Number of protein chains: 2
Amino acid sequence: MINQLIANIKKTNAPIVVGLDPMLSYIPKGIVEKALKEYGETLEAAAQAVWEYNKGIIDATADLIPAVKPQIAMYEQFGIEGLKVFKKTIDYAKEKGLVVIGDIKRGDIGSTSAAYAAAHLGKITIGTKSYTPFGEDFATVNPYLGSDGIQPFLEVCKQEKKGIFVLVKTSNPSSGEFQDRLIENRPLYEVVGEQVAKWGETCMGDSYSYVGAVVGGTYPEMGKILRKLMPKAYILVPGYGAQGGKAEDLIHYFNEDGLGAIVNSSRGIIAAYKNEKYVSFGEEHYADAARQAVLDMVADINQVLER
Amino acid sequence: MINQLIANIKKTNAPIVVGLDPMLSYIPKGIVEKALKEYGETLEAAAQAVWEYNKGIIDATADLIPAVKPQIAMYEQFGIEGLKVFKKTIDYAKEKGLVVIGDIKRGDIGSTSAAYAAAHLGKITIGTKSYTPFGEDFATVNPYLGSDGIQPFLEVCKQEKKGIFVLVKTSNPSSGEFQDRLIENRPLYEVVGEQVAKWGETCMGDSYSYVGAVVGGTYPEMGKILRKLMPKAYILVPGYGAQGGKAEDLIHYFNEDGLGAIVNSSRGIIAAYKNEKYVSFGEEHYADAARQAVLDMVADINQVLER
């Protein structure tokens, strides 16, 4: 799947991923009201509104982008109905040829980790039949529990040719609280990054590993070091736009081959219509605003990469 | 809810929690076959088997125990159908007066973390109505992202009088890979433990905090130190039994008041009938075997605590 992701990035010339993190407050009133009318004030209505909203964004941007990254928490908050729409969104994005990165940040050990891996990247066998419970192409994974938590994911990745992005240095202000603490004069995130490189050696695609890393775009100096420490790991970069990461900072996350990083934007794309710059599109044309925001983001990043 | 947990522990005189981590391989053949007959070889059949199995265990043990800890991965692996049974299990356990600890190990930041907190411990408001998506009493949380990830859970805990257990030192063999690394001569788990104590200060129950910690029973020397570092944190202790933790090691996880720790057993209870010691119960009496295993576990721990 890492090969597929790279092929999609080359085809679209867009090293970006659209984060499908649908807060109810992002969704245009018209969509919400229609759902409430049809389903009443229920979780089903909220989920339906999320679905309509996502579909609009996918339809408007699928030809421009290599991948989407649904954030499962935003679906899980609506319980079972929300998770149905998480699955529906994955299926729809895949139908449209997009690679799907499940931002699930799961992390456990042994058979529990294996269960998460099967749920999101693998299959479950019941008698003679097998099922794909959620079916993402990649998943984000938390490394705090060590190799016991990662290994079961690697097994499934090898079988299914799927991939993971391990949290190394996250984009949030307090990420340094533990991740930056020095261990023999090196921050913890470097120690984790080194392990990511090791885990990745055992499952390589054509030029990059099935094991990637999450490194926040808000910490470019750290990104520079981590890039060198994990040369074969694709880096998923959150923090561009709304969180303050700038295109010129992102250059360090890429390799000489122009590959190696995929930059996420969520709110900046999906709620673009709320941004002053795109407000003229109007709420009902939120998907067109998202399309324009994608075009602008790609141009912004590519002008830096071309230098 | 920490007050309720302690009240339940005192009432049952059982500082234990039964981990409802239903692997399909644990479930008696009779239950699985009945479900396959009714629902075919489907995820629904697997989920139905899990439900029958859980119900049997809850019915057989509810009067002896203060709490259950369903491991969400074991339900998530069966997709939407599995998650329906996760919710059904929570509701049923609560009906029986049990405290429910959702072993979800979620961890993210800001609005995403808030969405997880709402999903599992809080409410979601749709128009004028509010819903409880999953409704656990406690949730386990991963600290790797720092305070940004914990704070939104604390907000919900304060509003709803719920609680969290933060992963500090996990029970698995490779937990030391990152957690034991020395930071200014102190292992990372102590640094995290210190933060748990700080986070917990802001939301106290009568004698213990809403913020507890997970510390593996397989590392008693570390448990001893962490007990002192977080005097007001309830410690959830995995690793007893199947993973090798022994009752005499657990004494260090308790405070002088005889409280402060709750010891988990999953496989050792729910699949007791597969253990040589209880094999005479027979597969169809798996729930009676689980009851006997609970009685034995409580006696084993209490004889050490009474010393």
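Right above here is the structure, for reference.
This section reports on the structure supplied with the text. (Residues numbered from 1 in each chain as written. Chains lettered and ligands numbered in written order. Predicted model: local features only at pLDDT ≥ 70, side-chain atom pairs only at ≥ 80, totals over all residues. Heavy atoms only, no water.)

Concerning the overall build of chain A
Note the threshold: Secondary structure elements follow DSSP: runs of H or I no shorter than four residues count as helices, runs of E no shorter than two count as strands, and numbering proceeds from the N terminus. The reference for a compact globule is 2.2 Å times residues^0.38; the radius of gyration itself is calculated from the C-alpha atoms. Here the term buried applies to any residue with accessible area under 20% of the maximum for its type, exposed to any over 50%, and partly exposed to those in between, with areas from a 1.4 Å probe on protein chains only. We call two residues in contact whenever any of their non-hydrogen atoms come within 4.5 Å of each other.
Counting its secondary structure elements, chain A contains 13 helices and 12 strands. In summary, chain A has a C-alpha radius of gyration of 19 Å against a globular reference of 19 Å for 307 residues, a match within 12%. Considering only C-alpha atoms, chain A reaches an extent of 60 × 55 × 35 Å along its principal axes. The buried share of chain A, taken over its 307 residues, is 64%. If you take every contact in chain A between residues at least 6 apart in sequence, the share linking residues at least 24 apart comes to 73%.

Things to note about the packing of aromatic side chains
Rule in force here: Geometry of aromatic contacts follows a simple scheme: Phe, Tyr and Trp rings, the Trp one being its six-membered ring, pair when their centres are within 6.5 Å, and the pair is stacked under 30 degrees between planes, edge-to-face over 60, tilted otherwise.
Enumeration over the complete set of coordinates arrives at 16 aromatic pairs over all chains. Aromatic pair tyrosine 53 of chain B and tyrosine 286 of chain B: ring centres 5.1 Å apart, planes at 25°, arrangement stacked. Taken as a pair, tyrosine 53 of chain B in helix α3 (residues 43-61) and tyrosine 286 of chain B in helix α13 (residues 286-306) lie far apart in primary sequence, 233 residues in all. In this structure, tyrosine 53 of chain B and tyrosine 286 of chain B share a single accessibility class: buried. Grouping aromatic residues by their ring pairs yields a cluster made of Tyr75, Phe86 and Phe134 of chain A.

Concerning the sheet that holds strand β6 (residues 138-141) of chain A
Residues and elements named next belong to chain A. Heads up, the condition is: Each pair of strands is called paired provided DSSP finds at least two bridges between the two strands. Between N-to-C directions, angles span 0 to 180 degrees; the directions come from axes that are lines fitted to C-alpha atoms, helices contributing only their stretch in contact.
With respect to topology, 8 strands assemble into a closed barrel ordered β1-β2-β3-β6-β7-β10-β11-β12, the strand pairing being parallel. Shown here is a sheet whose adjacent strand axes are inclined to one another by a mean of 30°, direction ignored. When strand β1 (residues 16-20) meets strand β12 (residues 261-265), the two strands line up parallel, connected through 3 bridges. Bridge pairing in β12 places valine 17 opposite asparagine 264.

Brief notes about the relation of the copies chain A and chain B
Let me state the cut-off plainly: Superposing copies: least-squares fit, C-alpha atoms only, residues required to have pLDDT of at least 70 in both.
Of the transformation superimposing chain A on chain B, the axial component is 0.0 Å and the angular component is 180°, with the fit at an RMSD of 0.0 Å. Here the two chains are linked by the operation of a two-fold rotation axis. For chain A, the smallest separation between a C-alpha atom and the rotation axis is recorded for isoleucine 183 of chain A, amounting to 2.6 Å. Interface overlap between copies is the fraction of interface residues in one copy that are interface residues in the other; for chain A against chain B it reaches 100%, indicating a shared surface.

Topic: the sheet that holds strand β10 (residues 211-215) of chain B
Strand order in the closed barrel formed by 8 strands is β1-β2-β3-β6-β7-β10-β11-β12 (chain B), with parallel pairing between adjacent strands. In this sheet, adjacent strand axes meet at a mean angle of 30° when their direction is disregarded.

Some words on the interface of chain A and chain B
It is common to report an interface's size as the accessible area lost on association of the parts. Applicable threshold: Summed over both partners, buried area is the accessible surface (1.4 Å probe) that two parts give up on being assembled. Salt bridges, as used here, are contacts in which a Lys or Arg side-chain nitrogen is within 4 Å of a carboxyl oxygen on Asp or Glu. Contacts described as polar in this section are N or O atom pairs within 3.5 Å, which, within protein, must combine one atom able to donate a hydrogen with one able to accept it, while residues neighboring in sequence count only if both atoms come from side chains. Gly is put with the polar residues, along with every residue not named as nonpolar or charged; the nonpolar set is Ala, Val, Leu, Ile, Met, Phe, Trp, Tyr, Cys and Pro, and the charged set is Asp, Glu, Lys and Arg.
Each partner contributes residues to the interface: chain A has 67 residues there, and chain B has 67 residues. For chain A, the biggest contributors to the area lost against chain B are Glu41, Tyr144 and Phe178 of chain A; these three give 16% of the whole. The tally of links between chain A and chain B comes to 4 salt bridges. Note that arginine 106 of chain A and glutamate 76 of chain B form a salt bridge whose closest N and O atoms lie 3.1 Å from each other. Seen at the junction of chain A and chain B, the total is 33 residue pairs in polar contact (both at pLDDT 80 or more). Broken down by class, the residue content of the side of chain A that touches chain B amounts to 35 nonpolar, 20 polar and 12 charged.

A few points about the nonpolar core
Rule in force here: Residues enter a nonpolar core if they are buried and are Ala, Val, Leu, Ile, Met, Phe, Trp, Tyr or Cys, with the set joined through side-chain atoms within 4.5 Å.
Ile164 and Val196 of chain A together with Ile164 and Val196 of chain B are the most contacted members of the largest nonpolar core, which totals 241 residues. If near-sequence neighbours (up to four positions away) are discounted, isoleucine 164 of chain B is found in contact with Leu121, Phe138, Ala139, Val141, Ile150, Phe153, Leu154, Cys157, Tyr210, Val211 and Gly212 of chain B.

A closer look at the pattern of salt bridges
Residue and element names in this part refer to chain B. For the structure shown, the criterion picks out 30 salt bridges over all chains. Its salt-bridge partner being lysine 123, residue glutamate 160 comes within 3.1 Å of it at the nearest N-O pair. Here the residue glutamate 160 occupies a position in helix α7 (residues 147-160), and lysine 123 occupies one in the loop between α6 (110-120) and β4 (124-126), the gap between them amounting to 37 residues. Classification of lysine 123 as partly exposed rests on a relative accessible area of 42%.

Remarks on helix α13 (residues 286-306) of chain A
Residue and element names in this part refer to chain A. Which entries qualify depends on this criterion: Helix span, expected: 1.5 Å multiplied by one less than the number of residues in the helix.
For α13, with 21 residues, the first-to-last C-alpha span of 30 Å sits near the 30 Å given by 1.5 Å per residue. Buried within α13 are the following residues: Tyr286, Ala287, Ala289, Ala290, Ala293, Val294, Met297, Val298, Ile301, Asn302 and Val304. Those residues of α13 that are buried lie in contact with β1, α2 (29-39), α3 (43-61), α11 (247-250), β12 and α12 (267-270).

Here's the deal with unusual backbone geometry
One non-glycine residue, asparagine 13 of chain A, adopts positive backbone phi at about 50°. Its location among the elements puts asparagine 13 of chain A in the loop between α1 (2-12) and β1. Not every positive phi belongs to a glycine, and glutamate 184 of chain B is a case in point at roughly 45°. Checked against the element boundaries, glutamate 184 of chain B lands in the loop between β8 (182-183) and β9 (186-187).

With respect to the environment of threonine 218 of chain B
All names here are of chain B. One can find threonine 218 in the loop between β10 and α10 (220-229). Distance from threonine 218 to glutamine 243, taken between C-alpha atoms, is 7.4 Å for residues 25 residues apart in sequence. If we ignore the near neighbours within four places in the chain, the residues touching threonine 218 are Ser171, Pro238, Gly239, Gln243, Gly245 and Tyr253. Within the local environment of threonine 218, its side chain forms a polar contact with the backbone oxygen of serine 171, the two atoms lying 2.8 Å apart.

Quick look at the pairing of strand β12 (residues 261-265) of chain B
Where burial is concerned, most of β12 of chain B is hidden: 5 out of the 5 residues are buried. Burial along β12 of chain B is two-sided: the residues Ala261, Val263 and Ser265 of chain B and Ile262 and Asn264 of chain B are all buried.

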